[in-house]
Amino acid sequence: MKRKSFTFALTLILSLSLVVGCAKNNDAPPTSPTAEATASNGKYDKELTITVSRAILDTSNVIDDLEAKMLKEKFNLVFKAEDYSRNDWPTKTTLLFSTGDGPEFIPYSRDQWKSIEWMSAGYLRPFEMDEIKEKLPNYLKIWSDEEWDTVFKSTRFSDGKLYFLPNKRTIPVQNAWQYRKDLFDKYELEFPKTPDEMIETLTTIKDKTGLIPFVSPGNSSSPLWAVSTFFQMFGFPDLLLTWNSYVDPMTKQFYAYPLAGDQSRDLLIFLNKMYTNGLLMKDFATATSDQTNKLIAQGNHVIAQTINDPSFMEGQQKTAAPDVKWAWVENFDHPTNDPNKTIYKKESYYSFWGPAIKQGISQEKVDRLLDYLNWAISDEGQLWYTYGKEGVTYEMKEGTPTFLPTMSTPTQAEGNKLANYGINIGGIGLGGFIRPYKDFDQTFNKTKLEMSEVIPTKPNYYGPIEPILQLSDADRKKLLGLETTLNGVRDEYWLKFITDALDPSNDADWKKFMDAANKAGLAEVVKLRTDAYNKANNS
C-alpha cells in the first residue's frame, strides 16, 4: 500500500469515537512460556489502565472485544482507546500531546503523521538498545543482523535513538501490473513494453471503447500520487513523492531531488501525451476516491499497477462489464523506457507503522507495555493478532490456522473482520500487529510470494534503494520548511506540464520551472539532503 504525508492545522477539531474495552474472559488463549506472567503469580496483581490513540479507516462495530479480554486476562491491562479517522488522527493527537494529555501508548506511530514532531518535542519515550535486548528479545529475533542494521539506521531519530518499533514487512515484492485481459484479447492487443507502446495501446482501447484507460486520484499530500504509477517506467521509485531522494540501484548514484531536474523531463513528456490523448482522467488532480470509484464501476480503468488480487478489480467492474477479466501481466513483466534497467517496487524491510510510548509515564506502565509487546511479537502473539481467537474467528486445520466461514479474508470480502472483535483496529489490512503469523502469506499471498521470487531474478530488473538520511534536529526542521514550499512549486509546474498549460519539451517553459524551483530553495534542499545522506552512510 503508498506511504503518504499529511499537513494539518492544529486548530482543526473533528468528531471522534470513544472505544473502551475492559472485560474478563474465562476462555482466553493459553499463555505461552515466553510470556508466562499472569495475575496468579503476583506480577500483574495490580490492574493498570493505559490511554491509547488509534487512527482508523472505517468505524467497526465491535461485537465482542476479544483484545480487551485478552489484555485483562494475560496482563491485567485495560486500554482506554480514543479512535480518530485516519486523516484527523495526526492533528488530534498532536493537540493532545501539546496540552499534556497525549496518549500513553500508540500501537502504530508513523513518521509522516507527526511522529517526527513528537520526537523533536520530547513527547515520545526512546527505546534504548539495552532495553530492547533485555525486554524485547522476541522483537530482535525477527530481524537478521543486516536487516536490523538497515532498519535502525533508517528509523532512528537525529539523536540516534529509536522512538518507535518498526513493523516487519514479510513480502519483498507485492506490486505488479494488471490489465483488462478481456479487452486486450478482444482487440488482439499485447500489454505494452515501452512508454510509446503504452500510449499506442491505450489510445486503441479508448478509441474502440470510449473508456478512460487510467483512472486514479491524487490525495491531500500531492495530486501527483495519481500518476506515480508510471514513475517506475522511467527509472524512478514509485514512492519518490514520499522519499524525495533515491539511490540508483545500478550506478549507486544519489539523487537528492530529481523531480525538479532534467532527469524527469522524459516522464513529464510521457504524462503530457497521456493527458492530451485522453488516456488519463481529466480531473485526476482534484478527483476524490468516490469519484474515481464511480468511474471504475462504470467500466473505466483498464490497466493498473497494484497489490490487489485481480478478482478485486473484477468485482469493482462486474456490474458494468459482466464479462470483465483482469489478469496479472505474464511473467510479471514491467514496461520500461530502458531495457537495460527496469525498476520494480522492492519493499523496505520495515514499515513505518509501529508502537510508541509516551515520555514520562510511570516505569510500572512501561514495564507492563514492554512485556505485552514482547508477547505480541512471539509466535503466540502473532497468531492472535493475525487470526484472532481459536473457535471464534479461526480454527486449526491440519496444523494450519484457518479463518471460520463467518470471517472476511483477502479472498472473501463478506463476513466479520478482526476489528469487529477489537483486534487490529486501525491496522492496515489483514495481518499481524508487528508481523503477520508465518502461515498467513502462504495462505493468502501466494502470488505475491511468487512475484518475490520471479521479479528480482529477471535480467536487468532492479529494486530501488531507499536512501538513509541522518539529519540534525535543526536541519530536519529547516528541510521540512523548505520542502513544503518546493513541493508546492513542483506540484504546480508538473500539473501545468501534464495538462498542456506548459510544454515539458520546450526549453523556455522548462526554464520557468527550474527558475521557480531554485527560487523556492532547490539548491539548499539538495545540499541538506546530500550532506545528510553522506553523514548517514559514512557513520
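Asks: So what about the packing of aromatic side chains? Which residues, and what values?
Replies: When we look at a pair of aromatic rings, we describe it by the centre distance and by the angle of the planes. Within the structure shown, the criterion is met by 42 aromatic pairs. Measuring from ring centre to ring centre gives 5.9 Å for Phe157 and Tyr163, while their planes differ by 85 degrees; the resulting arrangement is edge-to-face. The buried category is assigned to Phe157, whose relative accessible area is 4%. Ring geometry for Tyr179 versus Phe184: centroids 4.9 Å apart, planes at 75 degrees, classification edge-to-face. Here the two residues Tyr179 and Phe184 agree in accessibility, since each one is buried.

Asks: How would you summarise the side chain of Ser264 if you had to cite specific residues and measurements?
Replies: Mapped onto the secondary structure, Ser264 falls in the loop between β8 (254-255) and α10 (265-276). Residue classification places Ser264 among the buried positions, given a relative accessible area of 0%. Here the side chain of Ser264 touches Gly261 through a polar contact of 2.8 Å, landing on its backbone oxygen. Setting aside chain neighbours within four positions, we find Ser264 in contact with Phe236, Pro258, Leu259, Trp494 and Trp510.

Asks: Outline the nonpolar core, listing residues and values.
Replies: Counting residues in each nonpolar core, the largest one holds 66 residues, and the members touching the most others are Met198, Phe230, Phe270, Met274, Ile303, Trp494 and Ile498. Secondary-structure elements contributing two or more residues to this core are β6 (176-180), α7 (181-186), α8 (195-209), α9 (240-243), α10, α17 (473-498), α18 (507-519) and α19 (522-537). With eight residues, the top contributor of residues to this core is α17. Aside from chain neighbours lying at most four places away, what touches Ile303 is Trp177, Gln178, Tyr179, Phe184, Phe191, Met198, Leu202, Pro213, Phe214, Phe230 and Trp326. Ranked by size, the runner-up nonpolar core spans 63 residues in total, among them Phe97, Leu162, Leu165 and Ile377.

Asks: Could you give an account of the sheet that holds strand β10 (residues 326-328), naming the residues involved and the relevant values?
Replies: Spatially, three strands are ordered β9-β6-β10 in an open sheet, and the strand pairing comes out antiparallel. At either end of the open sheet lies a strand with only one pairing partner, and these are β9 (303-306) and β10. Across the sheet, the mean angle separating the axes of adjacent strands is 30 degrees when strand polarity is ignored. Bridging between β6 and β9 involves four bridges; their strand directions are antiparallel. Directly across from Ala176, in β9, lies its bridge partner Thr306.

About the thresholds
Residues numbered from 1 in each chain as written. Predicted model: local features only at pLDDT ≥ 70, side-chain atom pairs only at ≥ 80, totals over all residues. Heavy atoms only, no water. Phe/Tyr/Trp six-rings, centres within 6.5 Å; stacked < 30°, edge-to-face > 60°. Buried < 20%, exposed > 50% of the residue type's maximum accessible area, 1.4 Å probe, protein only. Helix = DSSP H or I, 4+ residues; strand = E, 2+ residues; numbered from the N terminus. Polar contact = N/O pair within 3.5 Å; in protein donor to acceptor, adjacent residues only side chain to side chain. Contact = heavy atoms within 4.5 Å. Core = buried A, V, L, I, M, F, W, Y, C linked by side-chain atoms within 4.5 Å. Pairing = 2+ DSSP bridges. Axes fitted to C-alpha atoms, helices over the stretch in contact; angles between N-to-C directions.

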